[in-house]
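# Understanding the architecture of this molecule
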Amino acid sequence: MDGTEEKRPAGPGRPTSRDVARLAGVSHTAVSFVFNGRAEGNLSPATQERIRRAATELGYRPDPVARGLRRRRTAVIGLVTDEIASSPFAGRLLRGAMETAWDSDHLVVTVDSGGDRAKEDAAVAELLDRRVDGIIYAAMSLRRVRVPEGLHRTHSVLANCLPEDDSLPAVIPAERAGGRTAARLLLDQGHRRIALVGGQDDIASVERLRGFRDALRAEGITVPKEWVVRTGGEISSGFEGAMRVLDGVPADRRPTGVFCYNDRVAAGALHAATRLRIAVPADLSVVGYDDQEHMAAFLTPPLTTVALPHRAMGETATRLLLDAIDTGRTPPATVRRVGCPVVGRGSVGPAPVG
């Protein structure tokens, strides 16, 4: 025997840094240098590698509580949102936040307020009492929000929402650019008679319409007023809006492309096209928005759509927060817009001739 077994921890408990020091044949201070980021200049690369190999062999991980006490941090960030339980997009935002935090040795504690302001304030207070390093406040639909009490007492970033008082940094989708992207999907296929269906007067609707008009205006195209149909955001809204612009209109005068406010609206538009025996995409191309999980890919035909970047927003908001925690400086109360990528499927084709 080479004596290695004699250096292993005696009991079944969690291995300590002293166990690592014994196995690596170094001082306890040397182990502390490696796991507190102070090894460079104090230990040779070979010694550092020997310590890390010993730690891996023993299954040693630094105690985050003790490390946090030394650094006056807990390595935990809070995420408060209104609809984690019910939103189809919450999982993407959470995954982006949690994986980005984990890569920086942080955990994310999530709280779903259900949109209750009192619960939001209580959740933030509870997280502050637990001394989280910072808080992300996320909304599952883009809007201006009242900033919960307590967010100004720690490093905080908003995701998919804007503060009513413009007091905190926010990460939101680039909705206007997304509207331009959706219109370009149709324009690039030769469509010139394009309608917009769905939406209301919320921020996302307004910005997507602006982007849509930007793209058409750049091509010298004016959208007839009756081809912008604001009917809401549900499947029934899409059916109603599409019927308004398609039903009873001669083929050479009706739109050949429809940009829908979201994928549910697009589902309604596809239903209307089926009812009217209009082939998609041969006679009508349809573009959705959101890339809603368990829906867009399963429509007939599968829906070409512009995706909301929930995962990227979670990642970006978490990086902003971690940077603020590391530097001790709260980022300026600016708005970062995250691009909305295209997910191409089967609902868009060349404009029909004639």
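Residues numbered from 1 in each chain as written. Predicted model: local features only at pLDDT ≥ 70, side-chain atom pairs only at ≥ 80, totals over all residues. Heavy atoms only, no water.

What follows deals with the overall build of the protein. When you go through the protein residue by residue, the secondary structure sums to 11 helices and 14 strands. Relative to its length of 354 residues, the protein is extended, with a C-alpha radius of gyration of 27 Å against a globular reference of 20 Å. When its C-alpha atoms are laid out on the principal axes, the protein stretches across 90 × 50 × 35 Å. The buried share among the 354 residues of the protein stands at 51%. Taking all contacts inside the protein whose residues are at least 6 apart in sequence as the whole, residues at least 24 apart take part in 72%. Of the roughly 17,400 Å² that the protein leaves accessible, carbon and sulfur atoms contribute 49%. Charged side chains of the protein number 48 positive and 44 negative; the gap between the two group centres comes to 3 Å. (Helix = DSSP H or I, 4+ residues; strand = E, 2+ residues; numbered from the N terminus. Rg over C-alpha atoms; globule rule 2.2 N^0.38 Å. Buried < 20%, exposed > 50% of the residue type's maximum accessible area, 1.4 Å probe, protein only. Contact = heavy atoms within 4.5 Å. Areas by Shrake-Rupley, 256 points an atom, 1.4 Å probe, with all protein chains shown as cover. Lys, Arg positive; Asp, Glu negative; His and termini not counted. Charge placed at Lys NZ, Arg CZ, Asp CG, Glu CD.)

A complete count under the given rule lists 0 disulfides for this structure. Free cysteine: Cys161, not disulfide-bonded; nearest cysteine sulfur from Cys340 at 15 Å. The structure places no disulfide on Cys260, whose sulfur is separated from the nearest cysteine sulfur, that of Cys340, by 16 Å. (Disulfide = S-S within 2.5 Å.)

As for its position among the elements, Ser141 is in the loop between β3 (134-138) and β4 (144-145). Overall, Ser141 belongs to the partly exposed group, its relative accessible area being 36%. Distance in space between the C-alpha atoms of Ser141 and Phe89 is 9.5 Å, their sequence separation being 52 residues. A distance of 3.1 Å separates polar atoms of two side chains, one belonging to Ser141 and the other to Arg143. (Polar contact = N/O pair within 3.5 Å; in protein donor to acceptor, adjacent residues only side chain to side chain.)

Between the first and last C-alpha of helix α8 (residues 203-218) there are 23 Å, a value that for 16 residues agrees with the 22 Å anticipated at 1.5 Å per step. Every buried residue of α8 is listed here: Ala204, Ser205, Glu207, Arg208, Leu209, Gly211, Phe212, Asp214, Ala215 and Leu216. The inward-facing, buried residues of α8 contact α7 (175-187), β8 (194-197), β9 (228-229), β10 (257-260) and β11 (285-290). A distance of 3.2 Å separates the backbone nitrogen of Ala204 from a side-chain oxygen at the start of α8, and that oxygen is part of Asp202. Downstream of α8 by one or two residues, Gly220 has phi in the positive range, about 75 degrees. (Expected span 1.5 Å × (residues − 1).)

Turning our attention to the pattern of salt bridges. According to the stated counting rule, one finds 21 salt bridges in the structure shown. Among the ionic pairs, Arg143 bridges to Asp82, the shortest N-O distance being 2.6 Å. On the criterion of sequence distance, the pair formed by Arg143 in the loop between β3 and β4 and Asp82 in the loop between β1 (76-81) and α5 (90-103) is long-range, its members being 61 residues apart. When its relative accessible area of 3% is taken as the criterion, Asp82 is described as buried. Residue Arg130 pairs with Glu126 through a salt bridge whose shortest N-O separation is 3.0 Å. Residue Glu126 is classed as partly exposed on the basis of its relative accessible area of 38%. In this structure, a network of salt bridges that share partners links the residues Glu99, Arg311, Glu315 and Arg319. (Salt bridge = Lys/Arg side-chain N within 4 Å of Asp/Glu carboxyl O.)

Taken together, the 6 strands give an open sheet; going across it, the order is β9-β8-β10-β11-β12-β14, and neighbouring strands pair in mixed fashion. One side of each edge strand has no neighbouring strand; the edge strands of this open sheet are β9 and β14 (342-343). Sheet analysis places β10 next to β11, joined by 3 bridges and oriented parallel. Bridging from a neighbouring strand, Val258 pairs with Val286 of β11. The strands touched by α8 within the sheet are β8, β9, β10 and β11, with β8 carrying the most contacts at an inclination of about 175 degrees. (Pairing = 2+ DSSP bridges. Axes fitted to C-alpha atoms, helices over the stretch in contact; angles between N-to-C directions.)

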